[in-house]
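Each chain is listed here by its residues.
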Amino acid sequence: MNIGKPRKIGKSIEDIEEGDSLSLTESIEDNQLLLYLGLTNDANPLYIQHDYTQKTDYQRPIVPSVMLMGIITSAVSKHLPGPGSHVVNFSVNFIEPVFHYETLTFDFEVIKVDKMKDVVTISVEAINGEGDRILDAVVMVQPPKEMAEQEEAQHE
C-alpha cells in the first residue's frame, strides 16, 4: 500500500564498508517478555516461573534466546543496513544466560561486504551490565535494493 509518503530506506551495498559499526543498549523489561510469551504461546517455566527456576542452575527466570535474536534482527532492520534489509543467515552462540531486567550492550561490525552475492556479513557481540559476554553472532544480510536498481542490474 502506497500512501504517498516517502519511506526511509537503509544503506545500499554500495554505501556499506567493512568496519562500519553500531552499538546499542537494550533493557529487558516485563512488557517485552510478556509480549513474546503471549505471541509465541511459549510457557517454558525457565522464562516465567520463579519457584521452578530456583530449583535450577539459573536460580531465577531467564530471557528466551529468540528474544535476543529479535533484538539483533531489529537493529539490522532499523539501523545497519536499515529499512529494507533482509537477514539471509544467522548464526549465534549463547554464552551466558540473560536474566529479566538486565541491560545489554550489542556491538555490531560489518566484517565483509560481498557485492557479487549482494550480502554483508555483520559480527555481533553482546555484553551484560557486569561486562560479561553473553552472546556472539554472525548475521548475513541482504541490504535494501530498490526496484530501479534491480532492473538496471538486469539490463547491464
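Here is a short report on the structure shown in this document. (Residues numbered from 1 in each chain as written. Predicted model: local features only at pLDDT ≥ 70, side-chain atom pairs only at ≥ 80, totals over all residues. Heavy atoms only, no water.)

In terms of helices and strands, the chain carries 5 helices and 5 strands. Put simply, the chain runs from its N terminus to its C terminus through helices and strands in the order β-α-α-α-α-β-β-β-β-α. Within the chain, buried positions represent 34% of all 156 residues. Contacts in the chain between residues at least 24 apart in sequence constitute 67% of all its contacts with a sequence separation of at least 6. On the chain, roughly 9,800 Å² of surface is accessible, and the fraction owed to carbon and sulfur atoms is 48%. (Helix = DSSP H or I, 4+ residues; strand = E, 2+ residues; numbered from the N terminus. Buried < 20%, exposed > 50% of the residue type's maximum accessible area, 1.4 Å probe, protein only. Contact = heavy atoms within 4.5 Å. Areas by Shrake-Rupley, 256 points an atom, 1.4 Å probe, with all protein chains shown as cover.)

Moving on, we come to the nonpolar core. Grouped together as the largest cluster of nonpolar side chains are 34 residues, with contacts concentrated most on Ile-72, Phe-106, Phe-108, Ile-122, Val-124 and Leu-135. Among the secondary structure elements, those contributing two or more residues to this core are α1 (30-40), α2 (45-48), α4 (65-78), β3 (103-114), β4 (119-127) and β5 (133-142). The dominant element in this core, judged by the number of residues it contributes, is α4, at 6 residues. Apart from the residues lying within four places of it in its own chain, the contact partners of Phe-106 are Leu-22, Ser-23, Leu-24, Glu-26, Leu-68, Ile-71, Ile-72, Val-124, Glu-125, Ala-126 and Leu-135. (Core = buried A, V, L, I, M, F, W, Y, C linked by side-chain atoms within 4.5 Å.)

All right, on to the pattern of salt bridges then. All chains considered together, the criterion is met by 3 salt bridges. Note that Asp-136 is salt-bridged to Arg-133, the shortest N-O span being 3.0 Å. Arg-133 gets classed as partly exposed once you look at its relative accessible area, which sits at 40%. (Salt bridge = Lys/Arg side-chain N within 4 Å of Asp/Glu carboxyl O.)

Okay, α4 next. In this model α4 runs 20 Å from its N-terminal to its C-terminal C-alpha over 14 residues, within 8% of the 20 Å that 1.5 Å per residue would give. Every buried residue of α4 is listed here: Met-67, Leu-68, Ile-71, Ile-72, Ala-75 and Val-76. (Expected span 1.5 Å × (residues − 1).)

All chains considered together, the criterion is met by 0 aromatic pairs. The ring centre of Phe-99 lies 3.9 Å from the NZ or CZ of Arg-60, which sits over that ring. (Phe/Tyr/Trp six-rings, centres within 6.5 Å; stacked < 30°, edge-to-face > 60°. Lys NZ or Arg CZ within 6 Å of the ring centre and 35° of its normal.)

Let us now look at the sheet that holds β3. Note: strands within a sheet are paired through backbone hydrogen bonds, in either parallel or antiparallel orientation. The strand order across the open sheet built from 5 strands is β1-β3-β4-β5-β2, with neighbouring strands paired in antiparallel fashion. Of all strands in the sheet, those with a lone pairing partner are β1 (21-27) and β2 (86-94), marking the two edges. Recorded for the sheet is a direction-independent mean angle of 20° between the axes of neighbouring strands. Two strands pair when backbone bridges link them, and β1 and β3 are joined in this way by 7 bridges, in the antiparallel orientation. Counted as the bridge partner of Leu-24 is Phe-106 from β3. (Pairing = 2+ DSSP bridges. Axes fitted to C-alpha atoms, helices over the stretch in contact; angles between N-to-C directions.)

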